[in-house]
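Next come the chains, spelled out residue by residue.
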Amino acid sequence: MAVITAVDRKALRDLWHMKGQAVAIALVIGCGVALFTLSRSMLHSLELTQITYYQRFHFAEVFASLKRAPDALRERIAEISKPSNRNDLRKLPFSRMNLNSVHNSVHNGKSQAAKST
């Protein structure tokens, strides 16, 4: 049989006298845990929905604006058409460009134009 000390008895008596506050604290903690779980689940669901949408409709993975580019890419970039309205978006052919050579030349500090001269 467990022996309850005087300090434990006092703590239980104080807890019993403020049982309303203890229940309120427990409810606030429970609501916080529930809200955290809800927000994490919603974030996971939205990320999964975004990934599924992008894959299903072949949405672009990268968007970029271009002011200057090597001359060697001029023709390939010109092939990319810009849609004039929303209905034209469905007619665009989606393609990927291999930019490894551009990355390597930029990384090494040399441009395609400098190599050709």
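Reading the values: the criteria
Residues numbered from 1 in each chain as written. Predicted model: local features only at pLDDT ≥ 70, side-chain atom pairs only at ≥ 80, totals over all residues. Heavy atoms only, no water. Helix = DSSP H or I, 4+ residues; strand = E, 2+ residues; numbered from the N terminus. Buried < 20%, exposed > 50% of the residue type's maximum accessible area, 1.4 Å probe, protein only. Areas by Shrake-Rupley, 256 points an atom, 1.4 Å probe, with all protein chains shown as cover. Phe/Tyr/Trp six-rings, centres within 6.5 Å; stacked < 30°, edge-to-face > 60°. Lys NZ or Arg CZ within 6 Å of the ring centre and 35° of its normal. Salt bridge = Lys/Arg side-chain N within 4 Å of Asp/Glu carboxyl O. pLDDT = per-residue confidence, 0-100. Contact = heavy atoms within 4.5 Å. Patch = residues over 30% accessible without salt bridge, like charges linked within 9 Å, V, L, I, M, F, W, Y side chains within 5 Å. Expected span 1.5 Å × (residues − 1).

Draft legend 1. Inspection of the overall build of the protein chain at higher detail. When helices and strands are counted, the protein chain shows 5 helices and 0 strands. Beginning at the N terminus, the succession of helices and strands in the protein chain can be written as α-α-α-α-α. A burial count over the protein chain gives 3% of its 117 residues as buried. Split by element, the accessible area of the protein chain, about 11500 Å² in all, is 61% carbon and sulfur.

Draft legend 2. Representation of the packing of aromatic side chains within the structure. In the structure shown here, the tally under the stated rule is 2 aromatic pairs. Where Tyr 53 meets Tyr 54, the ring centres are 6.3 Å apart and the plane angle is 55°; that geometry is what we call tilted. Considering the side-chain rings of Tyr 53 and Phe 57, the 4.9 Å spacing of their centres and the 50° angle between planes classify their relative orientation as tilted. Among the aromatic residues, ring-to-ring pairing joins Tyr 53, Tyr 54 and Phe 57 into one connected group. The positively charged end of Lys 19 is found above the aromatic ring belonging to Trp 16, 4.0 Å away from the centroid.

Draft legend 3. The pattern of salt bridges, seen in detail. Applying the stated criterion across every chain yields a total of 1 salt bridge. In this structure, the salt-bridge partner of Asp 14 is Lys 10, at a minimum N-O distance of 3.0 Å. Pair noted here: Asp 14 and Lys 10 are both in helix α1 (residues 6–17), with a separation of 4 residues, about one helical turn. Since its relative accessible area comes to 43%, Lys 10 is described here as partly exposed.

Draft legend 4. How the structure looks around the confidence of the model for the protein chain. For the protein chain, per-residue confidence averages 76 on the pLDDT scale, and residues scoring 70 or more make up 63% of the total. The spread of mean pLDDT over the elements of the protein chain runs between helix α5 (residues 112–116), the lowest at 48, and helix α2 (residues 19–56), the highest at 95. Note that pLDDT drops below 50 for residues 88–94; the model gives that stretch 7 contacts with residues more than four away or on any other chain. Segment residues 111–117 is flagged for pLDDT under 50; beyond a separation of four residues in sequence, or across chains, it makes 5 contacts in the model.

Draft legend 5. Molecular detail of a nonpolar patch on the surface. On the surface, Ile 4, Leu 12, Leu 15 and Met 18 cluster together to form a nonpolar patch covering roughly 360 Å² of accessible area. Tracing the backbone shows Leu 12 in helix α1.

Draft legend 6. Expanded view of α2. The first and last C-alpha atoms of α2 sit 55 Å apart over 38 residues, in line with the 56 Å expected at 1.5 Å per residue. Note on α2: the residue one or two positions beyond its end, His 58, has a positive phi of about 50°.

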